[in-house]
Amino acid sequence: MSTTPHLDAHVRLDTHPHHPSAVVAILTGTARHIAQAHLSVRGFESVAADTLVMARIDREEPYWAERAAQALTAERITVEITPTLREAIHEEWTWPDYPMSWCTRSEIREVSNEAQKIHDDIRHGRLIIHAHAHDSSTTKAVGSYRDGSSVVLHGENHLRTVETSFRTAAEALVAFDRVHRGTVHFGPPPQTDVERQADEARSTLTTALLDAEPALPRIETVPTYAADPADHDAVLEAFVNDHGDWAKWRTWSDNTTHLVHESQTLRAELVHEPDPRETAWTFAAYETPVSDRMWHLTLTAATPAPLLQSLLISLAHGDAWDTALGSPVIERTVSAATRPLTDAGWKHTIDGRHIRWQTPHGDAGVQFDVFAAQDSHIHLAVWTLWAGPDIDRPTWAIHASRYAPAPILAALTEDLAHSTGTRQTRTTRAEHRTKPAITEPTIPPAAASPAAGHIR
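Numbering of residues starts from 1 in each chain and follows the order in which that chain's sequence is written. A pLDDT threshold of at least 70 governs which residues receive local features in this predicted model, and a stricter bar of 80 or more applies before side-chain atom pairs are shown or counted, although totals over entire chains, interfaces and linings include all residues. The side-chain values count all of the structure's non-hydrogen atoms but skip hydrogen atoms and water molecules.

S.K.: Mind laying out unusual backbone geometry, listing which residues take part and the relevant values?
M.R.: A negative phi angle characterises most non-glycine residues, just as the trans form characterises most peptide bonds. Of note, Arg-59 is a non-glycine position whose phi angle comes to about 60 degrees, a positive value. The topology assignment puts Arg-59 in the loop between β4 (51–54) and α2 (61–74). Residue Asn-157 is not a glycine yet carries a positive backbone phi of 50 degrees. Elements are defined by DSSP. Helices are runs of H or I of four residues or more, strands are runs of E of two residues or more, and each kind is numbered from the N terminus. Relative to the assigned elements, Asn-157 resides in the loop between β8 (150–154) and β9 (161–166). The rule is simple: take the accessible area with a 1.4 Å probe, protein chains only, and divide by the maximum for that residue type; under 20% is buried, over 50% is exposed, in between is partly exposed. On the accessibility criterion, Asn-157 (11% relative accessible area) is buried.

This is the structure in structure tokens:
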């Protein structure tokens, strides 16, 4: 199977260190300029090399940042959302004393977003404000767009709206002066506290990041198998939002979430907050909603983000049904699944019942169990993908049963052999300036159990 590779771009989204709602994006990778372009059209602004900030006047940055993350993921750009930002995304809140109390949360966002567009047009010089006046408890203003049309604006911050539109600036100014005669002030109104805070979030970020703590994050590009673990909850949410034929549901336990295809023949289970060495995901496929499962696959919690995203993309493309229950695992299947490893020059060895492909350094590999593949009564993993000191002490591991589809396995081995990801370490400020960081393993080596999850 031919799959579109992940772009070598990584976006880390986090809360601003001092602004209450702003979001910071840190970019790495050789294709980070592509991620920067996507973020720029979704409300982020560059404040330093490879650093962007979203600072809005409606305090809805976490919501729009999540929307941006979903769009980036769809473009095969790796996105990491920090736990702090994830908490802000899920936080429920409302504007106190909101004047349009009949509006739903979604409708309030629509109104606020229109106000944000007006604010951005003024900031970037697309809308020139000629004059303003105070009307009771709010501010009115008149201005012209560079395309020639003119408007009268009502309100401030997230409540600002277009009250009236005019063909020319002259018409707008005459009408504005007639209504607010004697109280008109030339030029734009003074900045509100909210507008000033948004500007400060952009202008002070560099200093804030340098002064926040002596240990600075360092993000480096590494082979996919050495990348940081996935943010499993964030990946699940993004997948469900982007694929309407999948739905999630919770059982009586808050420890797990199930992901179910509309056909009821493909299911997944995510265990929340497991030990990094234990199973986080279990995927399973069935001939019918009530039949025994055809195949299953498990991932430990420390599995790198690009591999989890690659697996979900394969499932979304329908590769999960490319199997036949009861058919033998033939040589052609093994060859198709491991061709990327052979092409990349991975070391190929045969050790009794096991066939292995390993990197030249032996820090990652794929194993095929010939004995388990030939006997359906043996409930052992036929395929094992891992990285770490060795297969018995993996940092992370993926285990697949005998009928796991070759296209899914090929997509995973393609990423192992040819793709890259990112890994974050922390260095002191002096180390950051003068020498490269020495990366320590993020997960202590330990045996990873190949046991399947709770999906039956």
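S.K.: So what's going on with the environment of Gly-187? Residues and values would help.
M.R.: Its place among the elements puts Gly-187 in the loop between β10 (185–186) and α6 (193–203). We classify Gly-187 as buried; its relative accessible area is 17%. As a C-alpha pair, Gly-187 and His-132 span 55 residues in sequence and 6.6 Å in three-dimensional space.

S.K.: Describe the pairing of strand β13 (residues 256–261), and please don't skip the residues or the numbers.
M.R.: In terms of burial, β13 is largely enclosed, as six of its six residues are buried. The alternating pattern of β13 places Thr-256, His-258 and Val-260 and Thr-257, Leu-259 and His-261 on opposite faces, both of which are buried. As paired strands, β13 and strand β14 (residues 266–271) are joined by five bridges and run antiparallel to one another. The residue bridging Val-260 from the neighbouring strand is Arg-267, located in β14. Counting the residues that bridge the hairpin from β13 to β14 gives four residues, and of these Gln-264 lies at a positive phi of roughly 65 degrees. Pairs of strands are assigned from DSSP output, requiring at least two bridges between the strands.

S.K.: So, the packing of aromatic side chains: which residues are in play, and what are the values?
M.R.: Ring pairs (aromatic) are described by centroid distance and by the angle formed between their planes. Between 30 and 60 degrees the pair is tilted, below 30 it is stacked and above 60 it is edge-to-face, where a pair is any two Phe, Tyr or Trp rings, Trp via its six-membered ring, whose centres lie within 6.5 Å. Going through the model one piece at a time under the given rule, you end up with five aromatic pairs. Arranged with centres 6.4 Å apart and planes meeting at 85 degrees, the rings of Tyr-225 and Trp-346 form a pair that is edge-to-face. Taken together, the residues span a long stretch of sequence, with Tyr-225 in the loop between β11 (215–223) and α8 (232–242) and Trp-346 in the loop between α10 (331–343) and β17 (347–351) at a distance of 121 residues. Judged by relative accessible area, which is 13%, Tyr-225 ranks as buried. Plain terms: the ring middles of Trp-281 and Phe-283 are 5.2 Å apart, the flat faces sit at 10 degrees to each other, and that makes the pair stacked. The exposure class assigned to Phe-283 is buried, which follows from its relative accessible area of 2%.

S.K.: An account of the sheet that holds β8 is needed here, citing residue identities and associated values.
M.R.: Spatial ordering of the open sheet is given by β9-β8-β7-β6-β10, a layout of five strands whose pairing is antiparallel. Strand pairing shows two members of the sheet lacking a second neighbour, β9 and β10, which therefore form its edges. In this structure, strand β7 (residues 138–145) lies alongside β8, joined through five bridges in antiparallel fashion. Within β8, the residue paired with Ala-141 across the bridge is Leu-153.

S.K.: Break down helix α12 (residues 406–418) for me, citing the residues and quoting the values.
M.R.: Each helix should span, by expectation, one fewer than its residue count multiplied by 1.5 Å. Its 13 residues give α12 an end-to-end C-alpha distance of 18 Å, which sits within 8% of 18 Å, the value for a rise of 1.5 Å per residue. Of all 13 residues making up α12, 11 are buried, and the element is well covered by its neighbours. All buried positions along α12 are accounted for by Ala-406, Pro-407, Ile-408, Leu-409, Ala-410, Ala-411, Leu-412, Thr-413, Asp-415, Leu-416 and Ala-417. Along its buried surface, α12 packs onto β16 (293–300), α9 (305–316), α10, β19 (364–369), β20 (383–387) and β21 (396–400). Residue contacts are defined here by distance: any two heavy atoms, one from each residue, within 4.5 Å place the two residues in contact.

S.K.: I'd love a proper account of the sheet that holds β4, names of residues and values included.
M.R.: Within the open sheet, the five strands sit side by side as β3-β4-β2-β1-β5. Their pairing is mixed. Each end of this open sheet is capped by a strand with a single partner; those strands are β3 (45–48) and β5 (78–81). Across the sheet, the mean angle from the axis of one strand to that of its neighbour is 30 degrees, orientation sign disregarded. Axis lines are fitted to C-alpha atoms, over the contacting stretch for helices. Their N-to-C directions set the angle, which ranges from 0 to 180 degrees.

S.K.: Outline the nonpolar core, listing residues and values.
M.R.: What makes a nonpolar core is a set of buried Ala, Val, Leu, Ile, Met, Phe, Trp, Tyr and Cys residues whose side-chain atoms join them at distances within 4.5 Å. If you look at the biggest cluster of nonpolar residues, it comprises 52 residues, and the most contacted ones within it are Trp-281, Phe-283, Trp-295, Leu-297, Leu-315, Trp-383 and Trp-396. No other element matches the six residues that α9 contributes to this core. Judged by nonpolar contacts, the second largest core, of 23 residues, contains Val-23, Leu-27, Val-79 and Ile-81.

S.K.: Give me α10: which residues, what numbers.
M.R.: Between its first and last C-alpha atoms α10 spans 17 Å; for 13 residues at 1.5 Å apiece the expected length is 18 Å, and the two agree. Bend, at a single residue, is the angle you get between axes fitted to the 7 residues ending at that residue and the 7 residues starting at it. Taken as a whole, α10 carries its principal kink of about 50 degrees at Ala-337; the proline Pro-340 stands between one and four residues after it. By the burial criterion, the buried members of α10 are Val-334, Ala-337, Thr-338, Pro-340 and Leu-341. Looking at the buried residues of α10, the elements they touch are β18 (354–358), β19, β20 and α12. After α10 finishes, the residue Gly-345 shows a positive phi value of roughly 80 degrees.

Taken by themselves, the reported measurements are silent on function.
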